[in-house]
Amino acid sequence: MKHEFQQAFFELSQTFYLNEIMGWQGLIAYGCHSLVVVVDASTAQTLQVLEKHKADVVKVKWARENYHHNIGSPYSLRLASADVHGKIIVWDVAAGVAQCEIQEHAKPIQDVQWLWSQDASRDLLLAIHPPNYIVLWNADTGTKLWKKSYADNILSFSFDPFDSSHLTLLTSEGIVFISDFSPSKPPSGPGKKVYISSPHSSPAHSKLAAATGAKKALNKVKILITQEKPSAEFITLNDCLQLAYLPSKRNHMLLLYPREILVLDLEVNQTVGVIAIERTGVPFLQVIPCFQRDGLFCLHENGCITLRVRRSYNSIFTTSNEEPDADPVQELTYDLRSQCDAIRVTKTVRPFSMVCCPVNENAAALVVSDGRVMIWELKSAVCNRSARNSGSGVSPLYSPVSFCGIPVGVLQNKLPDLSLDNMIGQSAIAGEEHPKGSVLQEVHLKFLLTGLISGLPAPPFTVRMCPPLTTKNIKMYQPLLAVGTGNGSVLVYHLTSGLLHKELSVHSCEVRGIEWTSLNGFLSFATSTPNNMGLVRNELQLVDLPTGRSIAFRGERGNDESPIEMIKVSHLKQYLAVVFKDKPLELWDVRTCTILREMSRTFPSVTALEWSPSHNLKSLRKKQLATREAMARQTVVSDTELSIAESSVISLLQEAESKSELSQNISAREHFVFTDNDGQVYHFTVEGNSVKDSARIPPDGSMGSITCIAWKGDMLVLGDMDGNLNFWDLKGRVSRGIPTHRSWVRKIRFAPGKGNQKLVAMYSDGAEVWDTKEVQMVSSLRSGRNVTFRVLDVDWCTSDKVILASDDGCLRVLEMSMKSTCVRVDEQELPEPVWCPYLLVPRASLALKAFLLHQPWSGQYLLDISHVDYPENEEIKSLLQEQLNSLSNDIKKLLLDPEFTLLQRCLLVSRLYGDESELHFWTVAAHYLHSWSQEKSASTPAAQEAAPRDRASNPLDICYDVLCENAYFQKFQLERVNLQEAKRSTYDHTRKCTDQLLLLGQTDRAVQLLLETSADNQHYYCDALKACLVTTVTSSGPSQSTIKLVATNMIASGKLAEGVQLLCLIDKAADACRYLQTYGEWSRAAWLAKVRLSPEECADVLKRWVDHLCSPQVNQKSKALLVLLSLGCFSSVAEMLHSMRYFDRAALFVEACLQYGALELLDCGSQRLVSAVYADYARSLKSLGFKQGAVLFASKAGAAGRDLLNELQSPKQELAEE
């Protein structure tokens, strides 16, 4: 039986040095003192503990997975962690090794982030080094690329998820917007600095008490962002806890305060939404905005996690010619949709940090200061619409109209809660009236606790390993470690898995020591705080582990007596010696819980005691065996006598058998030695009820007061107050004293195992391992020198591994060398299988992905990899099968469903792998391929009418911004400008709203705003003329040419925005887009094209943008692919994928296009492309070892794959050639 101990357990102390992050890989990482702990979210198991930092870890960040994965760029678990001494370490988590170490200053790292924008480099790491530096590092080599300082202390930063050149810094005084961030050079200027007056201190908030109703209160919150520094009485930004961009819609940011969340629209620098907490509510600690839906995960100070989703308004679907809403949208409102249970908060127990699953956004994890990690999953339940309380004012949530990109059928079963966008539909469409017979069902959300990892309580600890593994107990042996804690409980851990086996509340005060009496029970003692006379309450409990039953071992004894110093159980677990501070020794029988002897008052005071490993059990058993044989040899004559003799022999034999068991009343003779205050060694013998004084050895002059003794075989070792170790060879009758020059020897203990003479010694400042045969030190560990923690207790967990309890609240299992080493995750024996293909070798993880994506060589989908001709070794094949088996039943059901389309499969696998790049690609591809096929199939006029309606009711989510359908994008922008208009409070805001309205073609509303300018405003005259111009613009030739001339002159003189506005006035938006692109405003040009141009003109603008994105200096081809997909340029997408060598994605995309009829194979060019894609994919499958798939795609490739097909089908010939 193999028992490997490679795990550590953790307690989080009440220090703020903690950060937690969940990666696309599905794993949670968090800092715990100087350690980094990695946990699997689905099974709640600790997978890895990384130890190299010398100081507390303050930040951890998983690398992004937004790149194409292949053999050269495999799936890998990369993590960056930063500590309070300014060190950043980049880890390979699977191997447990540090790839790179970075150091700039010796101050705590404030924030760290992986760059995600470029296809070329995935190794760039941006860090804040206090007080005011941002530094860009190459995390692969550790080289500094550039460094930039700012005027204020930087607290944190946030990247715009829609534009990687936009970076926002949260500083001690305000916010700094950087708009020219680039990996190649530092930002040029100091950035645009704005101040934010805290909502609590703003004059508007002082009037809130008088206002009634949420709307009135919200409208009181006026300008918060100013260019000027607020006056001294304003507390500026000290209580702003967090700043983050909203990934669900462009140019929106949130600011988190303890009692409110402000949502800002950065185009007008204005608050457009406030989520406020009532006076009796629990303040916020943290917020995580969602990508898939406009929702927020909020963590409160009581450990409660809430989900808030933006309320729906049907105004997004009203067009300009419809009746305007009587009460237009006045603010963004986020309704509370679900909340989990709070935790019990105390002085030492409080929530630290929350993290949300970035792949599915339907699970959150909470780390608590007592070491707990709680994993909450969001579940959806279909509810009866009539049962809903219509008076609640909260709009209902509906199930989505599509699943994995494809609309769901009317008779579709309840689909699994794969991700947030599979659970609730788009909030925008929930507000409108649904047609009769709609498949939408109203859903409610709730949090379920699906995982809990409990940590250790606060130190001090005492640890004791169970009796060692032997040939006799191998069948029932479990490697259990008992940990006594300061609160009186005893935690029993299973060391192979690292999981808590039992938590037993045994004592009412701190546990001082534990001794095992068998594999299933232990004795533990605790002492209360002494009273004025120095007397305490002693608690000595005997615990039965299987039942958890605990009995007071000493009965009524224990009140108001001298404290117990130590307990020692004899080698055969028969006897117990209880040593007191100022009271004579007690000897007890462990089996009967009876006292054998309480020593007299004249008995010497005991400073150290140890039982001898020698006993007379073997000779007793030999005697019994001889007796049995003698009795069995007795012969008798008569039958009567025979039966009497037989029965007496049988009874004697049974008695002898039972007596041979230690649990019965047979008592073997055992010995113990102890020392007194003078260092004299006493030797006592215990047999049954008799205790005899055998011998006394005078004190050794070289030794001080003896503190501990260890005895194994013929070696007796003593340790003293001065740090000396004395080795006695009892057989050779020689002793040898070694001064260790360390402090008080607190504990010495021999390692288990026959003939193993290794010994661990614990001192006040660390520990050492000694070889007592050679009398030399093997390894040493010293606090303050090579470790930062102090050792509290020590024990052996196997014959060559030591366990340390330390004051940083951790238990560490170390090799005999006492060096902490991380273990490969795949070498651990986990109790539950974990779905994490990142842990496989690169070829195997990619092969598994190919296997899951499609199995066209097989008649049906299977999750059994044994039938696949995969030439890798059997061990890898079994690892792949383990991964398949660990998938949830919901996922297996989908993968085995023959109706589950290729596109849906690709989307599902990208979610399973946490592949960000693939997830976005297949989401957009599935949406537009399905839309294209719907439009194509609409041949009748009725169907043609229905198709656009279907497309409008299921648009691409607005989080994809300019990739959405034009009509949906326009409506969203109109809703947004309505909101901006409703929230404007200054002339600047009004002017920005006017500009947006003019670009959107809303001239009437723009004129109304222009005419609002007051006469004393310096812009009054210009605005009045502009209003006249807008109302009198005609399509006549002369006026158009004049305005166009003025516009081009303005653009030439640097007034780009004004020139573009004029061109839009005369319906020359296409020219405006060209000018914007010429001047590098690519995103603005795309926005304008979406809201103003016809589909054909818009496509021209976006195609120019694609060319720009593909240029070497920009190198954002993955973004260009998504733009091409939104344009329906499917053959261009296939071509680009092939040119980028994304062979797997190209082949699957071509397959999907052919299924939908979106790729015509009429000309030679397209046929050649498809053949080349299939041939290259066949080669990549061959390199992965997937022969069946390679043969299939090589045969599909036609002439291009003929040579490869011959090579695959004649492996013998290939081997002969080699």
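Residues numbered from 1 in each chain as written. Predicted model: local features only at pLDDT ≥ 70, side-chain atom pairs only at ≥ 80, totals over all residues. Heavy atoms only, no water.

Draft legend 1. Representation of the overall build of the chain in the model. Helix and strand content of the chain: 27 helices and 59 strands. Scored against the burial criterion, the 1218 residues of the chain give a buried share of 56%. Summed over its atoms, the accessible surface of the chain is roughly 52,500 Å², and 51% of this surface lies on carbon and sulfur atoms. (Helix = DSSP H or I, 4+ residues; strand = E, 2+ residues; numbered from the N terminus. Buried < 20%, exposed > 50% of the residue type's maximum accessible area, 1.4 Å probe, protein only. Areas by Shrake-Rupley, 256 points an atom, 1.4 Å probe, with all protein chains shown as cover.)

Draft legend 2. Region of interest: the pairing of strand E40 (residues 549-552). As paired elements, strand E39 (residues 538-544) and E40 share four bridges and run antiparallel to each other. Looking across to E40, one finds that Gln541 is bridged to Ala552. Connecting the antiparallel pair E39 and E40 is a turn made up of four residues, with Gly548 showing a positive phi of about 80 degrees. (Pairing = 2+ DSSP bridges.)

Draft legend 3. Highlighting the packing of aromatic side chains. Summed over all chains, the structure comprises 25 aromatic pairs. Arranged with centres 5.6 Å apart and planes meeting at 15 degrees, the rings of Phe672 and Phe684 form a pair that is stacked. Taken together, the residues span a long stretch of sequence, with Phe672 in strand E46 (residues 670-675) and Phe684 in strand E47 (residues 681-687) at a distance of 12 residues. Both rings, one in Phe674 and one in Tyr682, keep their centres 4.8 Å apart while their planes meet at 5 degrees; by these two values the pair is stacked. Each member of the pair, Phe674 as well as Tyr682, carries the same accessibility label: buried. Within the aromatic cluster, the residues linked to one another by ring pairs are Tyr575, Phe603, Trp611, Phe672, Phe674, Tyr682 and Phe684. In this structure, Arg122 is placed above the aromatic ring of Tyr67, and the distance from its NZ or CZ to the ring centre is 3.9 Å. Above the face of the Tyr150 ring, Lys148 is positioned so that its terminal group lies 5.5 Å from the ring centre. (Phe/Tyr/Trp six-rings, centres within 6.5 Å; stacked < 30°, edge-to-face > 60°. Lys NZ or Arg CZ within 6 Å of the ring centre and 35° of its normal.)

Draft legend 4. Representation of the packing of helix H13 (residues 987-1000) against helix H17 (residues 1056-1065). At a minimum axis separation of 8 Å, H13 and H17 run at an interaxial angle of 40 degrees. Our classification of the angle between H13 and H17 gives oblique. H17 is crossed by H13, and the crossing has left-handed handedness. For the pair H13 and H17, the contacting residues are Asp995, Leu998 and Leu999 in the first and Val1060, Gln1061, Cys1064 and Leu1065 in the second. Across the contact of H13 with H17, the residue classes tally to five nonpolar, one polar and one charged. (Axes fitted to C-alpha atoms, helices over the stretch in contact; angles between N-to-C directions. Parallel < 35°, antiparallel > 145°, perpendicular 65-115°, else oblique. Left-handed = near helix turned anticlockwise from the far one by under 90°. Contact = heavy atoms within 4.5 Å. Nonpolar A, V, L, I, M, F, W, Y, C, P; charged D, E, K, R; others polar.)

Draft legend 5. Highlighting helix H15 (residues 1020-1032). Look at H15: 18 Å from first C-alpha to last across 13 residues, which is about the 18 Å you get at 1.5 Å a residue. The complete set of buried residues in H15 reads Asp1023, Ala1027 and Val1030. The buried residues of H15 occupy an angular sector of 70 degrees when projected down its axis, which confines them to one face. Counted as exposed and oriented over 90 degrees from the buried face of H15: Tyr1021 and Thr1032. (Expected span 1.5 Å × (residues − 1). Arc of directions from axis to C-beta.)

Draft legend 6. View of the sheet that holds strand E45 (residues 608-615). Pairing is antiparallel across the open sheet formed by four strands, whose spatial order is E45-E46-E47-E48. The strands lining the two open edges of the sheet, one partner per strand, are E45 and strand E48 (690-697). Taking each pair of neighbouring strands and ignoring which way they run, the sheet shows an average axis angle of 25 degrees.

Draft legend 7. Molecular detail of the nonpolar core. Ranked by internal contacts, the top residues of the largest apolar core, which has 176 residues, are Leu852, Leu1088 and Phe1149. Broken down by element, this core gets its largest block of residues, nine residues, from helix H24 (residues 1164-1184). Among all residues touching Leu852, those that are not within four sequence positions of it are Trp835, Leu863, Leu884, Leu887, Leu895, Arg905, Val909 and Tyr913. Of all hydrophobic cores here, the second largest spans 29 residues; its members include Phe461, Leu504, Ile514 and Leu811. (Core = buried A, V, L, I, M, F, W, Y, C linked by side-chain atoms within 4.5 Å.)

Draft legend 8. Spatial organisation of the confidence of the model for the chain. Counting all residues, the mean pLDDT for the chain is 82, and 85% of those residues have values of 70 or more. Note on residues 655-664: pLDDT under 50 across the span, and 17 contacts to partners over four residues away in sequence or across chains. (pLDDT = per-residue confidence, 0-100.)

Draft legend 9. Structural view of the pairing of strand E6 (residues 78-83). Within E6, six of the six residues are buried, leaving the element largely enclosed by the surrounding structure. As defined by bridge partners, E6 adjoins strand E7 (residues 87-92) across five bridges and the pair is classed as antiparallel. Its bridge partner lying in E7, Ala82 is registered against Ile88. In this structure, the hairpin formed by E6 and E7 is closed by a connection of three residues, where Gly86 is found at a positive phi of approximately 85 degrees.

Draft legend 10. Focus on the side chain of Ser524. Relative to the elements of secondary structure, Ser524 occurs in strand E38 (residues 521-527). With a relative accessible area of 0%, Ser524 lands in the buried category. Of the polar contacts made by the side chain of Ser524, one reaches the side chain of His507; its length is 2.7 Å. The residues contacting Ser524, other than those within four sequence positions of it, are Val490, Val506, His507, Val511, Gly513, Ile514, Glu539, Leu540 and Gln541. (Polar contact = N/O pair within 3.5 Å; in protein donor to acceptor, adjacent residues only side chain to side chain.)

Draft legend 11. Highlighting the environment of Glu1151. Looking at the secondary structure, you find Glu1151 in helix H23 (residues 1143-1156). Spatially, the C-alpha atoms of Glu1151 and Val1170 are 9.3 Å apart, while their sequence positions differ by 19 residues. In this view, Glu1151 contacts Leu902, Tyr1174, Phe1193 and Lys1196; residues no more than four positions away in its chain are not counted.

Draft legend 12. Spotlight on the sheet that holds strand E56 (residues 776-782). With antiparallel pairing, the four strands of this open sheet are ordered in space as E53-E54-E55-E56. With partners counted over all chains shown, the strands left at the sheet margins are strand E53 (745-750) and E56, one partner each. The mean angle between the axes of side-by-side strands here comes to 15 degrees, regardless of whether they run parallel or antiparallel. Summarising the sheet, strand E55 (residues 766-771) and E56 pair through six bridges and their orientation is antiparallel. Each bridged residue has a counterpart across the sheet, and for Trp770 the counterpart in E56 is Met777.

Draft legend 13. How the structure looks around the pattern of salt bridges. Per the stated rule, a full pass over the model turns up 57 salt bridges. Across the salt bridge formed by Glu598 and Arg557, the nearest N and O atoms sit 3.5 Å from each other. Taken together, the positions of Glu598 in strand E44 (residues 594-598) and Arg557 in the loop between E40 and strand E41 (564-569) put the pair 41 residues apart, joining distant regions of the chain. Look at Glu598 and you get partly exposed, because its relative accessible area is 40%. Through salt bridges with shared partners, one network takes in Arg554, Arg557, Glu561, Lys583, Glu586 and Glu598. (Salt bridge = Lys/Arg side-chain N within 4 Å of Asp/Glu carboxyl O.)

Draft legend 14. The side chain of Ser156, seen in detail. Along the chain, Ser156 turns up in strand E13 (residues 154-159). Among the residues examined, Ser156 registers a relative accessible area of 17% and is labelled buried. Ser156 has contacts with Asp111, Ile128, Thr168, Leu169 and Leu170, leaving out every residue within four places of it along the chain.

Draft legend 15. Representation of the packing of helix H9 (residues 902-913) against helix H10 (residues 916-937) within the structure. Between H9 and H10, the shortest axis-to-axis distance is 9 Å and the interhelical angle comes to 160 degrees. Here H9 lies roughly antiparallel to H10, going by the angle between them. Like other packed secondary-structure pairs, H9 and H10 cross with a definite hand, here left-handed. In contact with Leu903, Cys906, Leu907, Ser910 and Arg911 of H9, H10 contributes Glu918, Leu919, Trp922, Thr923, Ala926 and Leu929. Each residue belonging to the contact of H9 with H10 can be placed in one class, and the counts come to seven nonpolar, two polar and two charged.

Draft legend 16. Fine view of unusual backbone geometry. Going from Pro130 to Pro131, the amide bond is cis rather than trans, its omega being 0 degrees. Within the element layout of this structure, Pro131 appears in the loop between strand E10 (124-129) and strand E11 (133-138). A cis amide bond links Pro459 with the next residue in sequence, Pro460, at an omega value of 15 degrees. Note on placement: Pro460 falls in the loop between strand E32 (442-453) and strand E33 (462-465). For Arg733, which is not a glycine, the phi torsion comes out positive at approximately 55 degrees. Relative to the assigned elements, Arg733 resides in the loop between strand E51 (724-729) and strand E52 (734-739). Phi is positive for Arg1141, which is not a glycine, with a value near 65 degrees.

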